[in-house]
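The residues making up each chain are set out below.
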Amino acid sequence: MLLFGSRAAGGAGTDFGHNKKMERSDTRRVMGHEAIGVVEDVGADVRTIKRGDFVIMPFAFSDGTCVFCHDGLQTSCIHGGFFGTTDVAGAQAEAVRIPLADGTLFPLRAHVDDALMPSLLTLSDVMGTGHHAAVISRVTPGKSAAVVGDGAVGLCGVIAAKRLGAEQIIILGRHADRIALARDFGATDVVSERGDAAVERVRELTGDQGVHSVLECVGLEQAMNTAISIARPGGAVGRVGVPQEQTIPGSEPAFYNNVMVGGGVAPVRAYIEELLPDVLEGKIQPGRVFDRIVGLDGVPDGYRAMNDREAIKVMVTP
Ligand SMILES: [Zn+2]
């Protein structure tokens, strides 16, 4: 099954994880796992996707038919996998081949305003991932939520928490530009301390009870410890930060406070249908996390800018 996108746009972000460097390899690898684009051609077995369709490409490909796809967990698809690996090329390219196109791609057949493109691009990863953290942490109307991490996913987590009705939304982060955006997105409180001081501050903000829902959007040990420590007894932590350890930190406080810890790689394909109307109507503007645009030649500098915290997230327009 072959399918190519042109006039595509992709995001650059989580490819490096927290190591911020990749080992030099003899095997060529095309980076990039988030994209939107227009279908150039389709293979003989493709049934629903048509040439000329404008499509959103989630970061995982999936058949759309297996038991896990039916459960809305396309990231565990029996025949699926991830873009930007050594096996399946990523989207930072003039064209990208999409395996299992009918299950993987989400086509939009209505005319879409160019101004919405950055926000549509976030549905391929960061907005769906922030939403996943909110769903797993059981964000509830009128209750409190905290977002650990002020990167693109954390900021989308703020949007998601607001969208699902959280009344108090605390962002834990320390970069002025990101905090300002978080406030625009609906954060009611900012905690810039770290470690025990951050826990103390959140307790002050919540009548010493902790928050109902914690969206963990970093993946480092300290962030996870903070997330569990600021959860209210009986609360929940939804973790979407790629973990950097083999064990889950904070086991003991989670146990004694009956804090539910869940989450994982986000099945963003399952969330597009729910989030898309809000994007099309302009109710949410997650595309504002893209604060720099580069061409393919500018990708290395885009990664550098994100690493140096000059840019929140970079959009690539081949
Ligand atoms: Zn499947």
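This is a predicted model, so every value here is computed, not measured.

A. Representation of the pairing of strand 13 (residues 290-294) within the structure. Where strand 13 lies against strand 14 (residues 313-316), four bridges are found, and the strand directions are parallel. The residue of strand 14 that forms the bridge with Arg292 is Val314. Once the chain exits strand 13 it traverses helix 11 (residues 299-307) before rejoining the sheet at strand 14, and the crossover so formed is right-handed.

B. Molecular detail of the coordination of the zinc ion. The coordination sphere of the zinc ion contains the protein donors Asp63 (OD), Cys66 (SG), Cys69 (SG) and Cys77 (SG), at a distance range of 2.1 to 2.3 Å. Every donor counted, the four donor atoms about the zinc ion form angles of 92 to 124° at the centre, which fits tetrahedral coordination. Written as a sequence motif, the donor residues of the zinc ion are D-x2-C-x2-C-x7-C. Taking relative accessible area as the criterion, Cys69 reaches 7% and is therefore assigned buried.

C. Spatial organisation of helix 7 (residues 195-205). Considered for burial, the residues of helix 7 that qualify are Gly195, Ala198, Val199 and Val202. End-on, the buried residues of helix 7 take up no more than an arc of 100°, which puts them together on one face. Facing away from the buried side of helix 7, by more than 90 degrees, are the exposed residues Asp196 and Glu204. Looking at the packing, one finds that the buried side of helix 7 touches strand 8 (168-172), strand 9 (189-191), strand 10 (211-216) and helix 8 (221-230). Looking one or two residues past helix 7, Gly207 carries a phi angle of roughly 60°, positive in sign.

D. Quick peek at the packing of aromatic side chains. Taken as a whole and judged by the stated rule, the model has three aromatic pairs. Plain terms: the ring middles of Phe59 and Phe82 are 6.1 Å apart, the flat faces sit at 10° to each other, and that makes the pair stacked. Of this pair, Phe59 sits in the loop between strand 3 (54-57) and strand 4 (60-61) while Phe82 is found in strand 5 (residues 81-82), placing the two residues 23 residues apart along the sequence. According to the relative accessible area criterion, Phe82 is partly exposed, its value standing at 33%. Judged by centre distance (5.1 Å) and plane angle (85°), the ring pair of Phe255 and Tyr256 falls under edge-to-face. Tyr256 sits in the exposed class, given a relative accessible area of 61%.

Calculation notes
- Residues numbered from 1 in each chain as written.
- Predicted model: local features only at pLDDT ≥ 70, side-chain atom pairs only at ≥ 80, totals over all residues.
- Heavy atoms only, no water.
- Pairing = 2+ DSSP bridges.
- Helix = DSSP H or I, 4+ residues; strand = E, 2+ residues; numbered from the N terminus.
- Right-handed = clockwise from strand over helix to strand, strands pointing away.
- Donors = N, O, S within 2.8 Å, 3.2 Å for Na, K, Ca; no water.
- Tetrahedral: all angles 85-135°; square planar, octahedral: opposite > 155°, others 65-115°.
- Buried < 20%, exposed > 50% of the residue type's maximum accessible area, 1.4 Å probe, protein only.
- Arc of directions from axis to C-beta.
- Contact = heavy atoms within 4.5 Å.
- Phe/Tyr/Trp six-rings, centres within 6.5 Å; stacked < 30°, edge-to-face > 60°.

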